[in-house]
Amino acid sequence: MPRAMEAANLSVASTGVALRLGPEAFSSSPNPSGVIGSTPGGAAPPGREPPFSVFSVLVVTLLVLLIAATFLWNLLVLVTILRVRAFHRVPHNLVASTAVSDVLVAALVMPLSLVSELSAGRRWLLGRSLCHVWISFDVMCCTASIWNVAAIALDRYWTITRHLQYTLRTRRRASMLMIALTWALSALIALAPLLFGWGEAYDARLQRCQVSQEPSYAVFSTCGAFYLPLGVVLFVYWKIYKAAKFRFGRRCRAVLPLPSTVQVKEAPQEAEMVFTARRPTVAFQTSGASWREQKEKRAAVMVGILIGVFVLCWIPFFLAELIGPLCACSLPPIWKSVFLWLGYSNSFFNPLIYTAFNKNYNNAFKNLFTKQR
């Protein structure tokens, strides 16, 4: 009897020590001789990295800076469009729609994605309801951002190739229709699993929250959110390139060599009205190209860079999202995270690109900060 009591007391004491030190204090692992040895709580098991290495801290810091920069830069674009009356028209409403989607990505999607990345084993610890909300906003806002890029490319294409038929009223109606279709299609793709039972985003057993892996939904969502707008923007830029090449060739053929005896009198320079965000100014075109041709060239370059960055940011993620469910295979988690955050970074690059090629935005930014002072 005393021996039984002594054994019970020893068992209780060892249990109390284990509870105070935690499971890491007595993590056991078999050695080659078959004897189970314990690993001290302060040391990481062999072959496993410490939970917070210098590299992990650096990556988390960069992701936090990316989130903050994406939110603030797109918010600055929105505030500028709202405050400057000259921006209350096409194509700035398309830019505003893109900025809204990118602001929502930075405010609602990226922070929760970072929380999921920081959890052990990338587990989702915030419950099923918040998982559905996060996935819905993720799919909707990223899809809207992608389709807004396609809408901007279409607007530039019609402006360059049909500037006589594409009047201001037609342009306004077309832009409003494209914005409405963009957000309606994005909401449909995001809410389809909840409305039609098209797969489940939350796995309670594995504590995992991800976009529905149903193969049919994977085809529908990736085609509607990426491959269809990708085809649109590639077709549009090809047409813009052909139109620009045709105009340049026609202008070169119009310049014929003149006989040496003919005296050419230099034509006077013509003034062109260039409108800025503050006041109209008069500038002289010193080159052979007209002001409209220079504007179309800048627009073509801007659309080309916008499309190129869009493709580079999103195509790795959507290739993995389409191939994974169809072949029942999976990428390593680290590559999934890299592809996902590369796609998120497109929301950071969008405002940089379409404001870098528009001096009116730069002037408006300077005026905004000057007035604040």
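Residues numbered from 1 in each chain as written. Predicted model: local features only at pLDDT ≥ 70, side-chain atom pairs only at ≥ 80, totals over all residues. Heavy atoms only, no water.

- Going by the annotation in an unreviewed UniProt entry, the name recorded for the chain is 5-hydroxytryptamine receptor 5B, with Bos indicus x Bos taurus given as the source organism.
- According to UniProt, the comment filed for the chain under the heading Sequence similarities (unreviewed entry) is "Belongs to the G-protein coupled receptor 1 family."
- The Subcellular location (unreviewed entry) comment attached to the chain in UniProt states, word for word, "Cell membrane". (UniProt positions renumbered as here; feature names shortened; annotations may be inferred.)

### A look at the overall build of the chain
Thinking step 1. Secondary structure assignment for the chain yields 10 helices and six strands.
Thinking step 2. Counting only contacts in the chain whose residues sit at least 6 apart along the sequence, the fraction spanning at least 24 positions is 73%.
Thinking step 3. By element, 67% of the accessible surface of the chain is carried by carbon and sulfur atoms, the whole surface being about 22900 Å². (Helix = DSSP H or I, 4+ residues; strand = E, 2+ residues; numbered from the N terminus. Contact = heavy atoms within 4.5 Å. Areas by Shrake-Rupley, 256 points an atom, 1.4 Å probe, with all protein chains shown as cover.)

### Notes on helix α2 (residues 54–83)
Thinking step 1. The terminal C-alpha atoms of α2 lie 43 Å apart, and with 30 residues this matches the ideal 44 Å at 1.5 Å per residue to within 8%.
Thinking step 2. Of all the positions in α2, only L63, L66, I67, T70, N74, L76, V77, L78, T80 and I81 are classed as buried. (Expected span 1.5 Å × (residues − 1). Buried < 20%, exposed > 50% of the residue type's maximum accessible area, 1.4 Å probe, protein only.)

### Observations concerning the nonpolar core
Thinking step 1. Core analysis: the biggest nonpolar cluster contains 74 residues, and V77, M110, I135, F310, W314, W341 and Y344 have the highest contact counts within it.
Thinking step 2. Ranked by residues supplied to this core, first place goes to helix α4 (residues 128–161) with 16 residues. (Core = buried A, V, L, I, M, F, W, Y, C linked by side-chain atoms within 4.5 Å.)

### Overview of the UniProt feature "transmembrane region" (unreviewed entry) in the chain
Thinking step 1. Per the UniProt annotation, the sites labelled "transmembrane region" (unreviewed entry) are residues 53–82, 94–114, 134–154, 175–196, 216–238, 299–319 and 339–357.
Thinking step 2. Spanning residues 53–82, this segment combines 97% helix with 0% strand, and its end C-alpha atoms are found 44 Å apart.
Thinking step 3. The distance separating the terminal C-alpha atoms of residues 175–196 is 30 Å; by composition the span is 100% helix and 0% strand.

### Some remarks on the packing of aromatic side chains
Here the distance between the centres and the angle between the planes together describe a pair of aromatic rings.
Thinking step 1. With the rule as written, the count across this model stands at 18 aromatic pairs.
Thinking step 2. Seen from their ring centres, Y361 and F365 are 6.2 Å apart, and the 45° between their planes marks the pair as tilted. You can see Y361 and its partner F365 sitting in helix α10 (residues 359–372), four residues apart, about one turn around the helix. Comparing Y361 with F365, the two get one shared label, buried.
Thinking step 3. A network of ring pairs unites the aromatic residues F226, Y227, F310, W314, F317 and F318 as a single cluster. (Phe/Tyr/Trp six-rings, centres within 6.5 Å; stacked < 30°, edge-to-face > 60°.)

### Details of the state of the cysteines
Thinking step 1. Applying the stated rule across the entire model yields one disulfide.
Thinking step 2. Disulfide pairing is shown between C131 and C209; the S-S distance is 2.0 Å. Judged by the sign of its S-S torsion, about 95°, the bond between C131 and C209 is right-handed. Highlighted residues: C131 in helix α4 and C209 in strand β4 (residues 208–209), separated in sequence by 78 residues. Accessibility assignment for this pair places C131 and C209 in one class, buried. (Disulfide = S-S within 2.5 Å.)

### Comments concerning the packing of α2 against helix α9 (residues 346–356)
Thinking step 1. One way to put it is that α2 packs onto α9 with a least axis distance of 8 Å and a crossing angle of 40°. Taken together, the axes of α2 and α9 lie oblique to each other. The chirality of how α2 crosses α9 is left-handed. Counted together, L66, A69, T70, W73, N74 and V77 of α2 and S347, F348, P351, L352, Y354 and T355 of α9 form the full contact between these two elements.
Thinking step 2. Considering only residue class, the contact of α2 with α9 consists of eight nonpolar, four polar and no charged. (Axes fitted to C-alpha atoms, helices over the stretch in contact; angles between N-to-C directions. Parallel < 35°, antiparallel > 145°, perpendicular 65-115°, else oblique. Left-handed = near helix turned anticlockwise from the far one by under 90°. Nonpolar A, V, L, I, M, F, W, Y, C, P; charged D, E, K, R; others polar.)

### Details of the packing of helix α3 (residues 92–118) against helix α5 (residues 168–196)
Thinking step 1. Put simply, α3 and α5 touch, their axes get as near as 9 Å, and they point 20° apart. By the angle class used here, α3 and α5 are roughly parallel. Both α3 and α5 take part in a crossing whose hand is right-handed. Seen from α3, the contacting residues are N93, L94, S97, V100, S101 and L104; seen from α5, they are S175, M176, M178, I179 and W183.
Thinking step 2. Its residues placed into classes, the contact of α3 with α5 shows seven nonpolar, four polar and no charged.

### Quick look at α5
Thinking step 1. Its 29 residues place the ends of α5 40 Å apart at the C-alpha level, agreeing with the 42 Å of an ideal helix rising 1.5 Å per residue.
Thinking step 2. Residue A190 marks the point of greatest curvature in α5, where the axis turns by about 45°; the proline P193 follows within four residues.
Thinking step 3. The complete set of buried residues in α5 reads R171, A174, S175, M178, I179, T182, S186, I189, A190, A192 and P193. (Bend = angle between axes of the 7 residues up to and from the residue.)

### Things to note about the pattern of salt bridges
If charged atoms from side chains of opposite charge come close, those side chains can pair.
Thinking step 1. Counted according to the given criterion, the structure contains three salt bridges.
Thinking step 2. Ionic pairing is found between D155 and R171, a salt bridge with its closest N-O pair at 2.9 Å. Taken together, the residues D155 in helix α4 and R171 in helix α5 connect sequence positions 16 residues apart. In terms of burial, D155 and R171 fall into one category: buried. (Salt bridge = Lys/Arg side-chain N within 4 Å of Asp/Glu carboxyl O.)

### Some points on the environment of S337
Thinking step 1. Residue position: S337 is located in helix α8 (residues 333–344).
Thinking step 2. Excluding residues within four positions of it along the chain, S337 makes contact with E117 and R122.
Thinking step 3. Engagement of the side chain of S337 in a polar contact is seen with the side chain of E117, the distance being 2.9 Å. (Polar contact = N/O pair within 3.5 Å; in protein donor to acceptor, adjacent residues only side chain to side chain.)

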